[in-house]
Amino acid sequence: RIGDTYYVNYTAVSTYGVATSLVSTTDFVNIDRHGIIFPPSNRDVTIFPQQVNGKYVCYHRPMPQFGGLHMWYADSPDLKHWGNHKPIVTSSHVDWMSARVGGGAPPILTDAGWLSIYHAADTEDRYCLGAFIADKDDPSKLVAIDSEPIFIPEASYETEGFFSQVVFTCGVVEREGELLVYYGTSDEHTALATIGVDELVSHLMKS
């Protein structure tokens, strides 16, 4: 939600590939379609819940023919035309994020900066969750990031299922100092995990 309007970005699939489209609504009855905002191939767009320095901001994950599957920053004057693209978190030699990284839930603004819960996968397609903090005034700059995952598949409904060994962040809500992390499990269910905001921020700042 930005102001009185809710913006929902979603993956759009056609014979031309996988793109990201946008709709908006104020009442979840009347919906305005704004069309494709990131052309194929692109996924995992997370729009910030407020403007930063007068611009809309998001993280997204291009899927190039060459190069890695990294998380990028972009900003926009109108939520439709995006530019100023910069890589912010890259897939790396670190085992748990060696294949791909991507967003999931919109960032949460804290005193330390923008707190993001993101997903990463290794070469065996095991998905884990990580966390980082970006600069409050320039979210293209990292303040802190943990080299280890904060959450891995452990429960039976996370390790077994339609697509096993998966925890995938879907939404994050801050409530009375607690972070509620909604996440997909093995492409079958949605589950909930919680952690204190201050606890996670403190952990990241020490990483």
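This text follows the structure it describes.
The present account deals with the structure reproduced in this document. (Residues numbered from 1 in each chain as written. Predicted model: local features only at pLDDT ≥ 70, side-chain atom pairs only at ≥ 80, totals over all residues. Heavy atoms only, no water.)

Attention shifts here to the layout of surface pockets. To find leftover empty space, one rolls a probe the size of a water molecule over the atoms. Considering only enclosed or pocket space, the largest pocket measures out at about 710 Å³ in volume. Surrounding the largest pocket, 29 residues form its lining, Tyr7, Asn9, Ile47, Gly104 and Pro106 being those nearest its centre. Listed by contribution, the elements that provide at least two residues to the lining of the largest pocket are β1 (6–14), β4 (42–47), β9 (108–110) and β13 (167–175). It is β1 that contributes the most residues to the lining of the largest pocket, six residues altogether. In terms of residue class, the lining of the largest pocket is built from 18 nonpolar, eight polar and three charged. Its volume calculated, the second largest pocket comes out at about 250 Å³. (1 Å grid on protein atoms, 1.4 Å probe; cavity = no way out; pocket = protein on both sides within 12 Å on 5 of 7 lines; lining within 4 Å. Points joined across faces, edges and corners; volume = space filled by probe spheres on them. Helix = DSSP H or I, 4+ residues; strand = E, 2+ residues; numbered from the N terminus. Nonpolar A, V, L, I, M, F, W, Y, C, P; charged D, E, K, R; others polar.)

Within the secondary structure, Ser116 sits in strand β10 (residues 113–121). Residue Ser116 is classed as buried on the basis of its relative accessible area, which comes to 4%. For Ser116, the contacting residues outside a window of four places in its chain are Tyr59, Pro107, Gly130, Ala131 and Phe132. (Buried < 20%, exposed > 50% of the residue type's maximum accessible area, 1.4 Å probe, protein only. Contact = heavy atoms within 4.5 Å.)

Here the structure, examined in full by the defined rule, presents one cavity of 30 Å³ or more. What the largest cavity holds in volume is close to 40 Å³. For the largest cavity, the full set of lining residues is Thr46, Tyr59, Met71, Gly103, Gly104, Ala105, Pro107, Ser116, Ile117, Tyr118 and Phe132.

Let us now look at the environment of Leu179. You can see Leu179 is positioned in strand β14 (residues 178–185). Under the relative-accessibility criterion, Leu179 is labelled buried at 1%. Separated by 104 residues in sequence, Leu179 and Asp75 place their C-alpha atoms 26 Å apart. Excluding its chain neighbours within four sequence positions, the residues that come into contact with Leu179 are Ile108, Leu115, Ile117, Val172, Val173, Glu174, Ala193, Thr194, Ile195, Val197 and Leu200.

It is worth spelling out unusual backbone geometry at this point. Between Pro40 and Ser41 the backbone carries a cis peptide bond, its omega angle lying at -5°. Within the secondary structure layout, Ser41 lies in the loop between β3 (31–38) and β4. One non-glycine residue, Asp125, adopts positive backbone phi at about 65°. According to the relative accessible area criterion, Asp125 is partly exposed, its value standing at 29%. The backbone of Gln165 shows a phi angle near 60°, a positive value even though the residue is not glycine. Note on Gln165: relative accessible area 30%, which makes it partly exposed.

Two side chains that carry opposite charge are able to pair once their charged atoms sit near each other. Under the criterion given, the structure shown has four salt bridges. A salt bridge links Arg100 to Asp125; its shortest N-O distance comes to 3.1 Å. Of the two residues, Arg100 sits in strand β8 (residues 100–102) while Asp125 sits in the loop between β10 and β11 (127–134), which places them 25 residues apart along the sequence. On the accessibility criterion, Arg100 (18% relative accessible area) is buried. With its nearest N and O atoms 3.9 Å apart, the salt bridge here joins Arg126 to Asp122. Exposure remark for Asp122: the relative accessible area of 12% places this residue in the buried category. (Salt bridge = Lys/Arg side-chain N within 4 Å of Asp/Glu carboxyl O.)

It is worth spelling out a nonpolar patch on the surface at this point. On the surface, Val173, Tyr182 and Leu192 cluster together to form a nonpolar patch covering roughly 240 Å² of accessible area. Residue position: Tyr182 is located in strand β14. A residue is classified by how much of its surface remains accessible, and Tyr182, at 33% relative accessible area, is partly exposed. (Patch = residues over 30% accessible without salt bridge, like charges linked within 9 Å, V, L, I, M, F, W, Y side chains within 5 Å. Areas by Shrake-Rupley, 256 points an atom, 1.4 Å probe, with all protein chains shown as cover.)

What follows concerns the sheet that holds β3. What the three strands build is an open sheet, ordered β1-β2-β3; its pairing is antiparallel. One side of each edge strand has no neighbouring strand; the edge strands of this open sheet are β1 and β3. Taking each pair of neighbouring strands and ignoring which way they run, the sheet shows an average axis angle of 30°. Where β1 meets strand β2 (residues 17–25), nine bridges bridge the pair, whose relative direction is antiparallel. Looking across to β2, one finds that Val8 is bridged to Val23. (Pairing = 2+ DSSP bridges. Axes fitted to C-alpha atoms, helices over the stretch in contact; angles between N-to-C directions.)

None of the figures reported here should be taken as evidence of function without further support.
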